[in-house]
Each structure stands twice: as C-alpha cells, then as structure tokens.
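Listed here are the chains, written in short residue letters.
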Amino acid sequence: MKVQEPKQVSELFINSIAEHLRDLRDKNGISLWQQVHQKNINYFNKNCIGYPWTNHLALVMLVRALNNQDPHSIKCTQVSLHSRFKDLFAYFDLTTMEQWEPDRHMYEYLKKIVLPEHTDHQRYRFFVNYHASLILENQWFTTKLSEQQKTNIKPFLLPITLINKEEFSFSRTIIEKQQAWRKNETDAIVPHYVKIRAEAHLRWNRLNRLRNKYREVVNKITSKTSLPIEFWYDDIDTNLEHQNGERFYFRLWDRSSFVLAHPENYSSDTLGHAKRRTSSYAKEEFFLEFIKAEDVKTGSSVGCEGFWFSDLLCYKVIGKWYAGCPDEEKDIKKQFLLQWGYGDEHNKELYPAPFDAEIGGLLKQGQFVTMNQENAEGVLINVEPLYAAATFGVAAVDILTTTGARANELLQISSTKECIVVANDTSLVPPLKRYILRVVPKGRDTLENYYVSEETIKLLSKIKSLLREHYQQEKIPCVKYRDQRDHLFDSKPYFFQYKHKHFNKKIINICVRFLLHGIVMKTPEGKQVTLKSHLLRHAFATHAVQVEKLPIDVVGALLHQKNLRVTEYYSEPTPSMISQHVHDWLSVTATHLNVSEAILRAPTELQETIKELSTKAGTLTQVTGGICSIDALCPIKFACVGCSAKVPVPEKKNEIEDMKSWAIESKAFFDKKGQILESRKLNEVIRNCNKELQEIESIVGYRKDEKYDPEVRIRTPLASKKLF
C-alpha cells in the first residue's frame, strides 16, 4: 500500500475557495485538503473556478475524499454536477447559489420540462450525485465539526432537496435497462465459458508457434541471403485423433526488399533509398507476409481459418486508424467494426478504436507495415506486437475466468513476495504447492487472497519472460500504477506493463478483445457481444450460481463483494436459462410426477446440508478429479464433481471416469426399479462428469498444442520454381 506523504496544495486552488474552507484542518492541525487527490484538484483548477457553485463543489470534493472515495469516482461526480449546474444556471438565468432552488429547478429538469435535449442518463446521474453528496455532507457536518465551524461552513453546503427519485419513472427505467442489457450480454457469454478459456490458450499457442518459426527463419539470414525468403510449416490440430491441420505459407521481408519488389508503388527517391539502404531503410527490420493457408491433407484453402486476426490487419483498424484515413474508407472500416460489436451504431460521427492500446510496440503494427498492406499479395504481419498483446491477453482471460477478479485487481499483480505467495503443504504425499495472489479488492484497503492454479502461475511466468526480453534485464522494472485507485499503490514491478507504462483497464480489455476477436457471441436480440473484463466477472458469477449451484454467500466471497444483493444481481439467471428451466418444468409436469415434492425437496436438503457442515475444506485440497480452491465451508458437503470451485486436473481424469461409470450403472438400476427421481439425480451427476471431462480435454488440448513444434521448410535461393 502506498504511504501518503504531505503534499503542497496548489496556490491556484487555495486562492479560489472561501477562507473558511481553505482553513479546514484535522486535530493535528494538518490541512484537510491534503486528503484530496491531485487529479481532482487539477480538474477543479481547470474547469470549476469562478462560478457561483465553486465553493460548493470544492466542499463536495473534500467530503468525498474524506470518505475514502477513489479519485475516479470523485471526478465523475465533479463532471456531472459542474456540467449540469452550468446548463441549469444559464437556462434559469441564475447568478448565485442562493437563487438555486433544487425543489423547483431540479424538479423541472427531472420532469423534462427544461432542457429536453438532455438524455435520461444525464438527468439520472445529476440527481444521484447531488443526492449522495447531500448525504455525505450532512454526515460530515453533524459529526466532525464544532459549532463555530458549522456556522462558517453552512453557507457552502448544497441546498437540501426533498425530491424522491421514485417519482421519476426514467430512473427505474435506466437501471432496469442497464441490468437487462448486462444480463443479455452475459447470456451470450455463459454458454461459451469453457470455450473462451480453451480458445484463448489455443490462439496463444498458434501465435507463439508463428513467432518461433519467424525467429527461426530470421536467424538463418546471413550477409549473402536474398530477401524475401519463402517458407511454410504445418500447424497441426493436436486435439484431433487424425491430427488434421493447416499449412501456412509466408514470405519474410525487410523494408528495402519489399519496396524493391514492388517498384510500381513507389517514387524514384524511395526506390533509391531502399536500394542504397539509406534514410529509413538503413535499419534492418523484418516482417512477414502471410500468403495463404491450405488443408494439410487436401491442399485446398476452402474452410481454412488461417489466423483469427487477419481481418483486423487487412482492414487496418489497429490503433487510431481513423487519423489520416480517407473519408471514403472510414465508413467501410466503421461498418466492419460495428458488425463485430465494436462501437455505437447510433453515433454516426464517432469512429470506434477498439484496438488502440496507446503503447508503442503493443499490438500496433508500425507505419510501414500498415501503410503497405494494400501493396502486398497477402497479409503483412509485424509479429512481436501481436505476440505481446496475446501474452497479456491469455493471462488476463485465465485469471478473470477462474477468480472472477475485477480488472483493477488484476492490474495489481506484481512480481513480489507480497503479492505471489507459494505455500507447500507437506502433510500430503507428494507435497502440494498452493498458489495465492494477494491484492486489494474494490472498497477495501488491505490485501486479500485470490486462489489460483499452477496454470495461472505459468502464464504469469510467460509474461515475466516477455518483459525480461523486452527490457533486456533480469528483473521487471518498477513502474507507476496508473489505473483507478492509484493513490493506494506504490510503484512496483507490475506484470501488466510495457514500455515502462503500467496498463489500465482499457488496455486489459483491448488485449482480451484482440485475443478472442472473431468468436460469435450474440444476445437474444442478435447483437454481437464484445468481451470486457467486467462482463467476464458477471459471467463468472452467473456460471457459479446457475450452472455450478454454488450458494450466493460463497460466490460473494469468491468475488470479494460485501453486499450479497449485488452478488444476487450478478448471478441472476439469463433469459436463455429461464427459457430452458421453463422447458424442463413443462417436461416434468408432463410425466405426472408429484411436482410439489420434486420442487420443494432440493431447497430443504440444501438448508439441512448447510446446517450440518462443521468442517472447512482446505484451500487447494485434493478432491475427486482435481483440487479444491474454496477457502470457506464446503457449500455442497464435498460433492466435488460439478463444483466450480474445483480446478480439474488431467492427471485425475480416471477418478471422474470412474464416477461417471458408477453413475451410469446406478441410473440403469434405478430405471429398472422405476425410481425416476433417483434416476434424474444421477443424470445430473453424469452431466457434471461430462462437463469436467470436457474441461480436462480442453486443458490437455492446449497443453499438447503448446508443446507442438512444427518443422519449418524454406525455399532455397537456388530453387527455380516458387512454392506458391
């Protein structure tokens, strides 16, 4: 945690507020304004000085800071209140805060009588921020100030309002609409939850092989080598019994060789520099041209996938693509992005930039490669930036989908003993290593445990290797934390960094988005969903409660949420789940069973089970088919198959297969006896076994795929016939 040092509040700010405000101090005589983050002071200095509400907004900023709100939340409040005050004071021709009557002016605004062009969201946020600030100010005013201070400060409190937001239907509509849209997005993701993790690993493996083969060919270059070099290798699907796959064909270029091979596209000056290797052509920089993919067995390109990111490079939509882009191309590229769910189709003027990582060398292809895509036969690829983004992306996907962590918690992970704890349990034979990530959850100020598997630690090791090579040093450098709540954290060797810049949530989402681009996930309305860290958190909660049947309080603990009502919202069934349950219900009623008994029995059993529990399940305890990661009372009385808190282990696959065989035999026995309910229970056991076997197969698949090292074949300069 960061140790706060006394700071000097700027003279501009101090001189802009009333004397009674600037003199506010704590019991030790230290100015309270030192508790306000510099970001909020900077916004205030730039935007809020010289208005009738300047002192009132300063006090709101202070009170929220004293309540330990993070600077980002405070800034959102500043922006909302300041912007609406400007609009409303101008509309009503108000010149002082004494003229501001919220029960009249705000009421007419909320009723849409004034400023009809404003959105419901603007009105709702203004009221919520105003009302919340009133509550915080009142608590601070009544409990922290002397009578004399109250007299001095009272003129700068926001005027009280008796408006009840329940009077305005749009407030409920906004919340319901936001929740419905989030649940629809979650609905699109949950069926692909296992696939998302497996696909992330498989794609990283494919890009890692490309990088290795690219480097292998580059290392063969000598002073006598002529470029381009043509080569190919077989990318085999190691998951399939017959090992089908695709053959990838490439050319290796540098700038000079590419320009000289396409003279019709360049000026005589450019050709001269390329031939003499002067100016920007003096440095040898290699890149690939991906020509085509063919089926290894048939030699046909029909149905071959190639690389998932090829269309992003062809359309040149990485980075701030719209800068300098001809107007006739902008709409084409925007439509391409919109069809994948990137951007707002209703905003005709805004051009989305979903792959602008804002850090050089991360995803960005470089000006030469980008500008020359149309001059190439295939797709030009600058490999290293893509590999870097994919490496950060696969680690993020793994951690987000196995822990349900927030992006802000992910970004705290550092290469320190304080953050990564490895414990050896010598009571087991062989001894078991347990891995814990210790970070500070939202709304807390102390470290808490996030339990992860060895697979997660391996992915962090991949990032560490990437950063060691990137910085050309053994240790990861310490960088300044620069996401939300940055006031809490010191500079550390954070894993999620590049070019000496710590990531923020936006960059995490871009890396995840890049790695999983092209996976079709649509809402019930048919709108394509794009993956974001917080959406994966919703999917984690929904999957844990609705699919794995974990209790709400256990899921709340896994998500590090204090308010279980929030957990309930996160884990509500999706529309598709409700539809499926209705279908199952109708199927059950059609069998003329005792429906009441079938429905009421499970919750009763669950309550009895919870009451009976008196022992704890150890974190990462060996259980049937895997290891347990619950650091709490076991929610299902050690019925481990199907529990989402268990991490399946491929080496224990036989245990799940044995349980499945037992369940199949037992089901046949109960079917023969006509005990339908017992048979249905065993159906669930079989389904859980199948699900875990599928998860194990995906783990085995990407582990096997990761070790696959294809042979690269190069066309020698003496060959008279081209390979392609």
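Small disclaimer: the values here were computed from a predicted structure and weren't measured. (Residues numbered from 1 in each chain as written. Predicted model: local features only at pLDDT ≥ 70, side-chain atom pairs only at ≥ 80, totals over all residues. Heavy atoms only, no water.)

With respect to the overall build of the protein chain
- Secondary structure summary: the protein chain contains 26 helices and 13 strands in total.
- Within the protein chain, the fraction of its 724 residues that count as buried is 49%.
- Of the roughly 36,400 Å² that the protein chain leaves accessible, carbon and sulfur atoms contribute 51%. (Helix = DSSP H or I, 4+ residues; strand = E, 2+ residues; numbered from the N terminus. Buried < 20%, exposed > 50% of the residue type's maximum accessible area, 1.4 Å probe, protein only. Areas by Shrake-Rupley, 256 points an atom, 1.4 Å probe, with all protein chains shown as cover.)

Some words on helix H25 (residues 653-673)
- Its 21 residues give H25 an end-to-end C-alpha distance of 31 Å, which sits within 8% of 30 Å, the value for a rise of 1.5 Å per residue.
- Looking only at H25, the buried set comprises Ile656, Ala663, Ser666 and Phe670. All buried residues of H25 fall inside an arc of 90 degrees around its axis, so they share one side. H25 presents Asp658, Glu665 and Lys672 as exposed residues on the side facing more than 90 degrees away from its buried surface.
- With its phi angle positive at about 80 degrees, glycine 674 sits one or two positions after the end of H25. (Expected span 1.5 Å × (residues − 1). Arc of directions from axis to C-beta.)

Concerning the sheet that holds strand S13 (residues 713-714)
- The 5 strands are arranged S4-S3-S2-S1-S13 in an open sheet whose pairing can be described as antiparallel. The open sheet terminates on both sides in strands that have one partner only, identified here as strand S4 (379-381) and S13.
- As paired strands, strand S2 (residues 245-254) and strand S3 (residues 286-295) are joined by 9 bridges and run antiparallel to one another. In the strand pairing of S3, leucine 252 is matched with leucine 288.
- Of the strands in this sheet, strand S1 (229-236), S2, S3 and S13 are in contact with helix H10 (residues 193-218), which crosses S1 at around 150 degrees. (Pairing = 2+ DSSP bridges. Contact = heavy atoms within 4.5 Å. Axes fitted to C-alpha atoms, helices over the stretch in contact; angles between N-to-C directions.)

Things to note about the pattern of salt bridges
- What the rule picks out here adds up to 33 salt bridges.
- Its salt-bridge partner being lysine 39, residue aspartate 486 comes within 3.1 Å of it at the nearest N-O pair. One end of the pair, aspartate 486, is in the loop between helix H18 (454-471) and strand S8 (497-498); the other, lysine 39, is in helix H3 (residues 38-47), with 447 residues separating them in the sequence.
- On the basis of relative accessible area, aspartate 486 is assigned to the buried category, the value being 8%. (Salt bridge = Lys/Arg side-chain N within 4 Å of Asp/Glu carboxyl O.)

Details of the nonpolar core
- In this structure, Phe309, Leu362, Phe392, Phe496, Phe503 and Phe514 are the most contacted members of the largest nonpolar core, which totals 108 residues.
- In terms of residue count, helix H16 (residues 383-403) provides more of this core than any other element does, 13 residues in total.
- In this structure, Phe13, Trp33, Ile41 and Leu62 belong to the second largest nonpolar core, which totals 50 residues. (Core = buried A, V, L, I, M, F, W, Y, C linked by side-chain atoms within 4.5 Å.)

So, the packing of H10 against H16
- Interhelical geometry of H10 versus H16 gives an angle of 155 degrees and a closest axis separation of 9 Å. Accordingly, the angle class assigned to the pair H10 and H16 is roughly antiparallel. Here the hand of the crossing between H10 and H16 comes out left-handed. Facing H10, whose interface residues are Tyr193, Ile196, Arg197, Ala200, His201, Trp204, Leu207, Asn208, Arg211, Tyr214 and Arg215, H16 presents Val383, Glu384, Leu386, Tyr387, Ala390, Thr391, Val394, Val397, Asp398, Leu400, Thr401 and Thr402.
- Looking at the contact of H10 with H16 residue by residue, the class counts come to 13 nonpolar, 5 polar and 5 charged. (Parallel < 35°, antiparallel > 145°, perpendicular 65-115°, else oblique. Left-handed = near helix turned anticlockwise from the far one by under 90°. Nonpolar A, V, L, I, M, F, W, Y, C, P; charged D, E, K, R; others polar.)

Brief notes about unusual backbone geometry
- Note that the residue after leucine 227, namely proline 228, is joined by a cis bond; omega there is 10 degrees.
- Mapped onto the elements, proline 228 comes out in the loop between H10 and S1.
- Even without being glycine, leucine 115 reaches a positive phi, approximately 50 degrees.
- Residue leucine 115 is classed as buried on the basis of its relative accessible area, which comes to 9%.
- One non-glycine residue with positive phi stands out, namely histidine 500, at about 65 degrees.

Considerations on the packing of aromatic side chains
- Applying the stated criterion to the full structure yields 46 aromatic pairs.
- Relative to tyrosine 387, the ring of tryptophan 204 lies with its centre 5.9 Å away and its plane at 40 degrees, an arrangement referred to as tilted. One end of the pair, tryptophan 204, is in helix H10; the other, tyrosine 387, is in helix H16, and 183 residues separate them in sequence.
- Residue classification places tyrosine 387 among the buried residues on the basis of a relative accessible area of 7%.
- The ring of tyrosine 249 carries lysine 292 above its face, with NZ or CZ at 5.2 Å from the centroid. (Phe/Tyr/Trp six-rings, centres within 6.5 Å; stacked < 30°, edge-to-face > 60°. Lys NZ or Arg CZ within 6 Å of the ring centre and 35° of its normal.)

Focus on the pairing of S3
- Buried residues dominate S3, accounting for 8 of its 10 residues.
- As defined by bridge partners, S3 adjoins S4 across 3 bridges and the pair is classed as antiparallel. What sits directly across from phenylalanine 290, in S4, is valine 379.

A closer look at the side chain of lysine 334
- In this structure, lysine 334 sits in helix H14 (residues 327-339).
- At 6.2 Å, aspartate 331 is the nearest oppositely charged side chain to lysine 334, a buried residue that forms no salt bridge.
- From its side chain, lysine 334 meets the backbone oxygen of leucine 350 in a polar contact 2.9 Å long. (Lys, Arg positive; Asp, Glu negative; His and termini not counted. Polar contact = N/O pair within 3.5 Å; in protein donor to acceptor, adjacent residues only side chain to side chain.)

Describing the pairing of strand S7 (residues 448-452)
- Among the 5 residues in S7, 4 count as buried, and that is most of the element.
- Of the strand pairs in this sheet, strand S6 (residues 432-439) and S7 are connected by 5 bridges, and their pairing is antiparallel. Counterpart to isoleucine 436 in the pairing with S7 is tyrosine 451.

Structural notes on the environment of histidine 72
- In this structure, histidine 72 sits in helix H5 (residues 71-92).
- Remark: the alpha-carbon pair of histidine 72 and lysine 39, spanning 33 residues in sequence, is separated by 8.5 Å.

What to know about helix H6 (residues 102-110)
- Among all positions of H6, only Pro102, His105, Met106, Tyr109 and Leu110 are buried. An end-on view of H6 places all buried positions within 130 degrees of arc, on one side of the element.
- Looking at the residues trailing H6, positive phi occurs at lysine 112, about 65 degrees.

Some words on the side chain of serine 414
- Here serine 414 is to be found in the loop between helix H17 (407-410) and strand S5 (420-425).
- A polar atom in the side chain of serine 414 sits 2.9 Å from the side chain of threonine 416.
- The residues touching serine 414, leaving out its near neighbours within four places in the chain, are Cys419, Ile420, Lys492, Pro493, Tyr494 and Phe495.

A short note on the confidence of the model for the protein chain
- Of all residues in the protein chain, 83% attain a pLDDT of 70 or more, and the chain-wide mean is 83.
- This stretch, residues 585-620, has a pLDDT under 50; its non-local contacts, to residues over four places away or in other chains, come to 44 contacts.
- For residues 717-721, every residue scores under 50 in pLDDT, and the model assigns this stretch 1 contact once sequence neighbours within four places are set aside. (pLDDT = per-residue confidence, 0-100.)

As for the packing of H16 against helix H20 (residues 533-547)
- Packing of H16 against H20 leaves a shortest axis separation of 8 Å and a crossing angle of 35 degrees. The element H16 and its partner H20 pack so that their crossing is right-handed. On H20, the residues that touch Leu400, Thr401, Thr402 and Thr403 of H16 are Ser533, Leu536 and Phe540.
- When grouped by side-chain class, the residues that make up the contact of H16 with H20 number 3 nonpolar, 4 polar and no charged.

Structural notes on the sheet that holds S5
- Spatially, 3 strands are ordered S5-S6-S7 in an open sheet, and the strand pairing comes out antiparallel. Of all strands in the sheet, those bounded by a partner on one side alone are S5 and S7. Ignoring strand direction, the axes of neighbouring strands in this sheet form an average angle of 35 degrees.

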